[in-house]
Amino acid sequence: MFIEPQRNIKTGWIEVICGSMFSGKTEELIRRLKRAIIAKQKVEIFKPSIDTRYDENDVVSHNSNSIASTPVTNAQSILLLSNDIDVVGIDEAQFFDDQLPQVCQVLANKGIRVIIAGLDMDFKGQPFGTMPALLAMAEYVTKVNAICMKCGGIASHSFRLINEDATVLLGEKESYEPRCRKCFNEGIREEMFND
Ligand code: ZN
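Residues numbered from 1 in each chain as written. Predicted model: local features only at pLDDT ≥ 70, side-chain atom pairs only at ≥ 80, totals over all residues. Heavy atoms only, no water.

Quick word on the coordination of the zinc ion
Tetrahedral coordination by four donors puts the ideal angle at the metal at 109.5 degrees, and octahedral coordination by six puts it at 90 or 180 degrees. Around the zinc ion, the protein contributes the donor atoms Cys148 (SG), Cys151 (SG), Cys180 (SG) and Cys183 (SG), at 2.3 to 2.4 Å from the metal centre. Considering all four donor atoms around the zinc ion, angles at the metal cover 100 to 118° and the coordination shape is tetrahedral. (Donors = N, O, S within 2.8 Å, 3.2 Å for Na, K, Ca; no water. Tetrahedral: all angles 85-135°; square planar, octahedral: opposite > 155°, others 65-115°.)

See the structure below:
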C-alpha cells in the first residue's frame, strides 16, 4: 500500500499508478485523492474528454466509487486550470496528447503533487501513449495487477475480445478481459489462426 511521503519543504513530485484494465488503477487514484482531501489539500482531477463511458464530470471506477473531475480536451488545459492547487489527479492518462509529460513536469516543478493513473499497455501489449515517459519521470511508480480470466493467475495484459481496429476503443467490460502473459499470447495466436 502506498503511503504518502512526508516532506518538510514544499516540493512537488509525480506518482504513476499503472496496470492493465480491471487492475484497480482508478480505485487507487481515488483513494489517494480522498486522503488528500481529508488532509484539507486543494485537489483537482482531470480526465481526457474522450472518456465519457459513465459520467461527464466524474472519475468513475468500475466499482462506482467516484469523485468529481473536469474533462479536458488537451494536456495544456490542465496547466491553465491548476492555479492554487496542491494535488492534481489525472485519470486515463494514456489517452492524453504527447504534451502530458511536459505538463506534469511543470506542475511538479511548481510544487504540486501530481498523481497519474493510466494503462501501461494497449490491447496489442505495446506501451501506451506517453505512459512510458511518465513512468520514467515519476518519483513513485505503483504497478497494479488484475486476475487472469483464463487461468486465475496474475494479469498484466488487457486482451480485447472483439475485432476492431481503433486503439482508442474504450474499456467496457464486455470488450476486454485481463490476462496473464501466457494466456494473452495464446489468445493473440488463436486470432491470427482464425483470420
Ligand atoms: Zn492466464
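Picking up where we left off.
A short note on the sheet that holds strand E8 (residues 140-144)
Spatially, the six strands line up as an open sheet ordered E5-E2-E6-E7-E1-E8, and their pairing is parallel. In the strand order of this sheet, the two ends are held by strand E5 (70-72) and E8, each with one partner. For this sheet, the mean inter-axis angle between neighbouring strands, taken without regard to orientation, is 20°. By the bridge criterion, four bridges tie strand E6 (residues 87-90) to strand E7 (residues 113-119) in an arrangement that is parallel. For Val88, the partnering residue across the bridge sits in E7 and is Val114. Sitting on the sheet, helix H1 (residues 25-38) is in contact with strand E1 (13-19), strand E2 (43-48), E6, E7 and E8, with an inclination near 165° to E7. (Pairing = 2+ DSSP bridges. Helix = DSSP H or I, 4+ residues; strand = E, 2+ residues; numbered from the N terminus. Axes fitted to C-alpha atoms, helices over the stretch in contact; angles between N-to-C directions. Contact = heavy atoms within 4.5 Å.)

Comments concerning the environment of Glu44
Relative to the helices and strands, Glu44 resides in strand E2. For Glu44, a relative accessible area of 25% gives the class partly exposed. Expressed as a C-alpha distance, the spacing of Glu44 and Asn83, which sit 39 residues apart in the sequence, is 9.8 Å. With residues up to four places along the chain from it excluded, the contact list for Glu44 reads Thr70, Leu81, Ile85, Val87, Val88 and Gly89. (Buried < 20%, exposed > 50% of the residue type's maximum accessible area, 1.4 Å probe, protein only.)

A closer look at the pattern of salt bridges
Overall, the coordinates contain nine salt bridges when judged by the stated rule. By sharing partners, the salt bridges in this structure join Glu15, Glu28, Arg31, Arg32 and Arg113 into a single network. (Salt bridge = Lys/Arg side-chain N within 4 Å of Asp/Glu carboxyl O.)

Points about helix H5 (residues 181-194)
Here H5 is 14 residues long and its end C-alpha atoms lie 20 Å apart, about the 20 Å a rise of 1.5 Å per residue gives. Buried residues of H5: Cys183, Phe184 and Gly187, and no others. Viewed along the axis of H5, the buried residues span an arc of 105°, placing them on a single side of the element. Exposed residues lying more than 90 degrees from the buried face of H5 are Arg181, Lys182, Arg189, Met192 and Phe193. Of the surrounding secondary structure, the elements contacted by the buried residues of H5 are strand E11 (157-160) and strand E12 (176-179). (Expected span 1.5 Å × (residues − 1). Arc of directions from axis to C-beta.)

Section: the nonpolar core
Membership of the largest hydrophobic core comes to 23 residues, with the highest contact counts inside it found for Ile78, Ile90, Leu100, Val114 and Ile116. The set of elements that each furnish at least two residues to this core consists of E1, E6, helix H3 (100-109), E7 and helix H4 (131-137). The greatest single-element share of this core, amounting to five residues, is contributed by H3. Not counting residues up to four positions away in its chain, the partners in contact with Ile116 are Ile14, Glu15, Val16, Ile17, Ile90, Ala93, Cys104 and Leu134. Listed in part, the 12 residues of the second largest apolar core include Ile17, Leu33, Ala36 and Val43. (Core = buried A, V, L, I, M, F, W, Y, C linked by side-chain atoms within 4.5 Å.)

Some remarks on H1
Spanning 14 residues, H1 covers 20 Å between terminal C-alpha atoms, matching the ideal 20 Å at 1.5 Å per step. Within H1, the full set of buried residues consists of Lys25, Thr26, Glu28, Leu29, Ile30, Arg32, Leu33 and Ala36. Looking one or two residues past H1, Lys40 carries a phi angle of roughly 65°, positive in sign.

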